[in-house]
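# Secondary and tertiary structure notes
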Amino acid sequence: MTAQSTFEIVANVIAETSEIPREKITPESHSIDDLGIDSLDFLDIVFALDKKFGIKIPFERWTQEVNEGKASVDDYFVLKNLCARIDELVAKKNAGA
Amino acid sequence: MRLEYFEMIDRVVALDRDAGTIHAQADVPAVSPIFEGHFPGHPIMPGVLLLETMAQAAGYLALARNGLVQMPFFAGSSKAKFRRFVVPDTVMDIRAKLVHDGSGYAVFETRIDQDGRVADAEVMLRIMDFPAEDLRQAMLARARTIGLGAGIEAELAP
């Protein structure tokens, strides 16, 4: 892994996968409300992030938790929170390796 | 193939659930209204239907892997290429290979051969709970018809 932060990697992936200018993407950005990413675009992003980090983002569980009111949309879809979740998944993967 | 019913896969030749591969075949019909329009005097399989055929092969692989408890839906494709014409009354070999097993989605490399490569594409499927029991029953019946169930019959609950 390079010295790039998780946020830098995620922001670059979003800019490459969608047509959102990189400079518009900040840690406070809400991927749905602010960046207008729909669920299908989000799948492409999840696919790219899964590959990039070698993890399996539990997108299905997250969606279910939000739909059932067990989590707020912000918990997963505000980018700084998304990055924190990714860091947790990477740490878990490394701990298990 | 029953093109008008979007039944694109006729039989499963080989399935390896663990490796994430499937080889299926499709008999291109000799006659179909589709060939009357596409194209008069030069009947060929439309590229979109070749893409659908590749997506369905990937879909049956996804169904086999989950024991037909969730339904794959075509969510996207990239790098689709249609290299040669497919004409009526021929047989196509379709192969799909799982390249990424995500959460609620999966990505496959797919291809069609007919004495050499005809088409290829990367296919993404969204995998969701069956929205209707009728659909699940129809997929079970179809899976048995094409021979998908041969290796996984025990898992195919009624």
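About the criteria used
Position numbers for residues count from 1 along each chain, tracking the sequence in the order it is written. Chain labels run from A onward and ligand labels from 1 onward, assigned in the order the entries are written. Where local features are concerned, this predicted model is filtered to residues with pLDDT of at least 70; where side-chain atom pairs are given and counted, the filter is 80 or more; whole-chain, interface and lining totals use all residues. Side-chain calculation: all heavy atoms of the structure are included, whereas hydrogens and water are not. UniProt positions are given in the numbering used here, feature names are shortened, and annotations may be inferred rather than shown by experiment. Here a strand is any run of E in DSSP of at least two residues, a helix any run of H or I of at least four, and the numbering for each starts at the N terminus. Here's how the labels work: a residue is buried when its accessible area is under 20% of the maximum for its type, exposed when over 50%, partly exposed in between, all with a 1.4 Å probe on protein chains only. Two rings from Phe, Tyr or Trp (for Trp, the six-membered ring) form a pair when their centres sit within 6.5 Å of each other. Planes less than 30 degrees apart are called stacked, planes more than 60 degrees apart edge-to-face, and all others tilted. Only when the NZ of Lys or the CZ of Arg is both within 6 Å of the ring centre and within 35 degrees of the ring normal is a charge said to sit over the ring. We treat two strands as partners when DSSP finds at least two bridges between them. Every axis in this analysis is a line fitted to C-alpha atoms, fitted for helices over the stretch in contact. Angles between the N-to-C directions lie between 0 and 180 degrees. It only takes one pair of heavy atoms within 4.5 Å for two residues to be counted as in contact. Buried area is a sum: the accessible area each of two parts loses on coming together, probed at 1.4 Å, counted once for each and added. Take a side-chain nitrogen of Lys or Arg and a carboxyl oxygen of Asp or Glu: if they are within 4 Å of each other, that pair is a salt bridge. Distance and chemistry together define a polar contact, namely a pair of N or O atoms within 3.5 Å, with one atom able to donate a hydrogen and the other to accept it when in protein, and with adjacent residues in sequence counting only for side-chain atoms on both sides. As a working rule, the residues Ala, Val, Leu, Ile, Met, Phe, Trp, Tyr, Cys and Pro are called nonpolar, Asp, Glu, Lys and Arg charged, and the rest polar, with Gly in that last group. Space inside and on the surface of the protein is sampled on a 1 Å grid over the protein atoms alone, with a cavity defined as a set of points where a 1.4 Å probe fits but cannot get out and a pocket as an open set with protein on both sides within 12 Å along at least 5 of 7 lines; lining residues have an atom within 4 Å of a point. Grid points are joined across faces, edges and corners, and a volume is the space filled by probe spheres set on the points. Joining through side-chain atoms within 4.5 Å is the link that ties buried Ala, Val, Leu, Ile, Met, Phe, Trp, Tyr and Cys residues into a set, and such a set is a nonpolar core.

The name an unreviewed UniProt entry gives chain B is 3-hydroxyacyl-[acyl-carrier-protein] dehydratase, with Prosthecomicrobium pneumaticum as the organism.

Per an unreviewed UniProt entry, chain A carries the name Acyl carrier protein AcpXL and comes from Prosthecomicrobium pneumaticum. Note on chain A: under the UniProt heading Pathway (unreviewed entry), the record states "Glycolipid biosynthesis; KDO(2)-lipid A biosynthesis."

To continue, consider the overall build of chain A. Summing up its helical and strand segments, chain A has 5 helices and 0 strands in all. Moving toward the C terminus, one meets the helices and strands of chain A in the order α-α-α-α-α. The principal-axis extents of the C-alpha atoms in chain A amount to approximately 35 × 35 × 20 Å. For chain A, buried positions account for 39% of its 97 residues.

Another point: the UniProt feature "domain: Carrier" (unreviewed entry) in chain A. According to UniProt, the "domain: Carrier" (unreviewed entry) feature falls on residues 4-90 of chain A. The span residues 4-90 of chain A is 61% helical and 0% strand by assignment, and the distance between its end C-alpha atoms comes to 15 Å.

Aromatic ring pairs: the centre-centre distance and the angle between the two ring planes describe each pair. A full pass over the atoms with the stated rule returns 4 aromatic pairs over all chains. Seen from their ring centres, F42 of chain A and F77 of chain A are 4.9 Å apart, and the 70° between their planes marks the pair as edge-to-face. Of this pair, F42 of chain A sits in helix α2 (residues 39-53) while F77 of chain A is found in helix α4 (residues 73-77), placing the two residues 35 residues apart along the sequence. Residue F42 of chain A shares its accessibility class with F77 of chain A, and that shared class is buried. Taking the ring centre of F47 of chain A as reference, the NZ or CZ of K51 of chain A above it sits at 4.1 Å. Between the NZ or CZ atom of R2 of chain B and the centre of the ring of Y5 of chain B, over which it lies, the distance is 4.1 Å.

What follows concerns the sheet that holds strand β1 (residues 11-16) of chain B. All names here are of chain B. Spatially, 6 strands are ordered β1-β2-β4-β5-β6-β3 in an open sheet, and the strand pairing comes out antiparallel. The sheet is open, and its two borders are formed by β1 and β3 (70-82), each paired with just one other strand. Averaged over all neighbouring strand pairs, the angle between strand axes comes to 20°, with direction disregarded. When β3 meets strand β6 (residues 117-129), the two strands line up antiparallel, connected through 10 bridges. What sits directly across from G76, in β6, is M124.

Moving on: the interface of chain B and chain A. Facing 13 residues of chain B, the contacting portion of chain A comprises 13 residues. Of the roughly 1,000 Å² buried between chain B and chain A, counting both surfaces, carbon and sulfur atoms make up 60%. By the criterion of area lost to chain A, the three top residues of chain B are S103, Y105 and M124 of chain B, representing 45% of everything that side buries. Linking chain B to chain A there are 1 salt bridge. At the surface where chain B touches chain A, the tally comes to 6 residue pairs in polar contact (both at pLDDT 80 or more). Broken down by secondary-structure element, the contributors of at least two residues to the side of chain B that touches chain A are β3, β4 (91-101), β5 (105-113) and β6 of chain B. Element by element, the count of residues in the side of chain B that touches chain A is highest for β6 of chain B, at 4 residues. Looking at the side of chain B that touches chain A, its residues break down into 5 nonpolar, 5 polar and 3 charged.

All names here are of chain B. In this structure, the largest pocket encloses a volume near 280 Å³. Taken together, 16 residues form the lining of the largest pocket, with E52, Q56, M71, P72 and M139 sitting closest to its centre. Of all the elements in the fold, those that place two or more residues in the lining of the largest pocket are α2 (47-66), β3 and α3 (133-146). No other element matches α2, which puts 6 residues into the lining of the largest pocket. For the lining of the largest pocket, the per-class residue count stands at 11 nonpolar, 2 polar and 3 charged. Size it by volume and the second largest pocket reaches roughly 210 Å³.

On to the nonpolar core. All names here are of chain B. Among the nonpolar cores identified, the biggest contains 45 residues, and M45, M92 and L148 are the most heavily contacted of them. Put simply, the parts of the chain that give this core at least two residues each are β2 (21-27), α2, β4, β5, β6 and α3. Here this core gets 12 residues from one element, more than from any other, and that element is α2. Not counting residues up to four positions away in its chain, the partners in contact with M92 are M1, A24, Q25, A26, V28, M45, L50, T53, V86, I112, D113 and Q114.

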